[in-house]
Amino acid sequence: MHILVVRNNSNPQAIDASLLVATYLTSQGIASTVVDSSSLGNDQEREAIRRQLPDAIDLVIVLGGDGTVLHTVHLLHTRQVPLLPINFGRLGFLANADDAGLIPLIADALAGELAAEQRAMLSIQVVCEDERDPYDADCYDEDGGFAEEATCSLDEVSLPTIWGSWVCEDKFGVNSRGLAGIRHFFALNELALTRGSLGRIIELSLGISGTTVDHLRGDGLIVCTATGSTAYALSAGGPLVSPGFKGMVAVPLAPHTLQSRAIVTDSHDVIEITLSNADAFREATLFVDGEIVPFPQPLKKIYVQRADHPVTLLRVEGASFYERLSRDFFGDQCA
């Protein structure tokens with residue numbers, strides 16, 4: 001058995017806890033690897049850590065808040081390993097409190113006595129300007145190949161296809177953080193499409209499973225999971241959604257209208273976000289779970305659907321989702 005321990009190394013209590021956990025696991029004859037959350041800030045760093053991990057990991061113990069959980073999910077990528085999050089952060093809505101003690105909680109996890117929650121994730125695919133859209137029938141000729149007019153200037157500017165791997169040298173988002181070099185990625189909380197550095201509103205159309213539902217002008221759009229409904233989408237006025245829900249929620253950001261509303265989709269729906277062709281309304285920035293995603297060309301289209309693989313969180317039997325909502329978000333109002 002091998003256990004991965006991810007700690008928020010900016011928190012002294014989490015560091016002390018990681019040393020205690022490592023000592024306990026060694027006493028039980030269990031191998032472990034400790035990783036600092038600060039080494040998971042961008043995809044290059046995460047890939048370097050992945051190469052050092054063993055092929056088989058049986059459990060991941062996360063010592064931190066919700067941000068450390070998100071970093072860990074991105075580290076694991078598509079690996080199906082249960083996570084035991086223990087709160088050492090400011091907001092621990094995804095994490096367990098260690099009221100009964102840290103070691104007893106880990107012992108319960110090892111004994112299989114904790115409840116396992118399956119949390120849906122988002123699968124996100126991005127098409128930039130002058131790139132081939134694999135879902136657009138107009139991009140293909142009668143033989144199934146790419147039509148001549150659909151190739152645009154890809155070869156001239158040496159850009160990859162949607163499945164390629166473009167890397168912006170020495171730049172991974174803000175302060176060398178964030179994601180880069182990918183067109184298909186995953187999110188536990190949300191994607192946020194927001195206005196760019198010029199501060200102008202952006203214009204987009206929102207489609208769901210082949211039907212254009214709305215045309216939006218505003219600060220952008222959030223697409224979140226049930227897990228993400230208590231994060232950025234909550235601040236934008238979206239609904240609070242029970243974590244067992246497998247669909248998605250689309251929440252407009254400061255729309256310039258009185259009619260726009262959040263939309264809750266079915267678990268099998270595909271959300272299509274199309275950016276306006278007008279230069280004045282097209283500068284947009286994409287964030288995935290709070291991390292900026294730089295691209296070499298303006299964004300053209302984004303496809304979002306439920307990912308094939310969920311995230312498994314181990315939880316202590318106790319307060320229900322609604323009791324935690326009452327405690328963490330409404331506080332004394334319900335006393």
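Quick caveat, the model's predicted, so the values are computed rather than measured.

## Some words on the side chain of glutamate 131
- The topology assignment puts glutamate 131 in the loop between strand 6 (122-128) and helix 5 (154-157).
- What makes glutamate 131 buried here is its relative accessible area of 2%.
- Of note is the side chain of glutamate 131, whose polar atom sits 2.7 Å from the side chain of arginine 183.

## Some words on the packing of helix 2 (residues 43-52) against helix 3 (residues 66-76)
- At a closest axis distance of 9 Å, the pairing of helix 2 and helix 3 adopts a crossing angle of 65°. Helix 3 is crossed by helix 2, and the crossing has right-handed handedness. Contacts between helix 2 and helix 3 involve Arg46, Ile49 and Arg50 from the former and His71, His74 and Leu75 from the latter.
- By residue class, the composition of the contact of helix 2 with helix 3 is two nonpolar, two polar and two charged.

## Thoughts on the pattern of salt bridges
- All chains considered together, the criterion is met by twelve salt bridges.
- Among the salt bridges present, the one from aspartate 43 reaches arginine 50, with a minimum N-O distance of 3.8 Å.
- Note that arginine 195 is salt-bridged to aspartate 219, the shortest N-O span being 3.5 Å. Taken as a pair, arginine 195 in strand 8 (residues 190-195) and aspartate 219 in the loop between strand 10 (211-218) and strand 11 (220-224) lie far apart in primary sequence, 24 residues in all.

## What about the sheet that holds strand 11?
- Judged by pairing direction, the sheet is antiparallel, and its six strands sit side by side in the order 13-12-11-8-15-16 without closing on themselves. Here the strands that pair on one side only, and so sit at the sheet edges, are strand 13 (263-264) and strand 16 (291-293).
- Sheet analysis places strand 11 next to strand 12 (residues 249-253), joined by five bridges and oriented antiparallel. Counterpart to valine 223 in the pairing with strand 12 is alanine 250.

## Some words on the packing of helix 1 (residues 12-27) against helix 4 (residues 102-110)
- Running from N to C, helix 1 and helix 4 point in directions that differ by 50°, and their axes come no closer than 11 Å. It follows from the interaxial angle that helix 1 and helix 4 lie oblique. Both helix 1 and helix 4 take part in a crossing whose hand is right-handed. Taking contact as the criterion, the partners of Ala17, Leu20, Val21, Tyr24 and Leu25 in helix 1 are, on helix 4, Leu102, Ile103, Ile106, Ala107 and Leu110.
- Considered class by class, the residues forming the contact of helix 1 with helix 4 number ten nonpolar, no polar and no charged.

Criteria and thresholds
Residues numbered from 1 in each chain as written. Predicted model: local features only at pLDDT ≥ 70, side-chain atom pairs only at ≥ 80, totals over all residues. Heavy atoms only, no water. Helix = DSSP H or I, 4+ residues; strand = E, 2+ residues; numbered from the N terminus. Buried < 20%, exposed > 50% of the residue type's maximum accessible area, 1.4 Å probe, protein only. Polar contact = N/O pair within 3.5 Å; in protein donor to acceptor, adjacent residues only side chain to side chain. Axes fitted to C-alpha atoms, helices over the stretch in contact; angles between N-to-C directions. Left-handed = near helix turned anticlockwise from the far one by under 90°. Contact = heavy atoms within 4.5 Å. Nonpolar A, V, L, I, M, F, W, Y, C, P; charged D, E, K, R; others polar. Salt bridge = Lys/Arg side-chain N within 4 Å of Asp/Glu carboxyl O. Pairing = 2+ DSSP bridges. Parallel < 35°, antiparallel > 145°, perpendicular 65-115°, else oblique.

Such coordinate-based values are descriptive only and should not be taken to indicate function.
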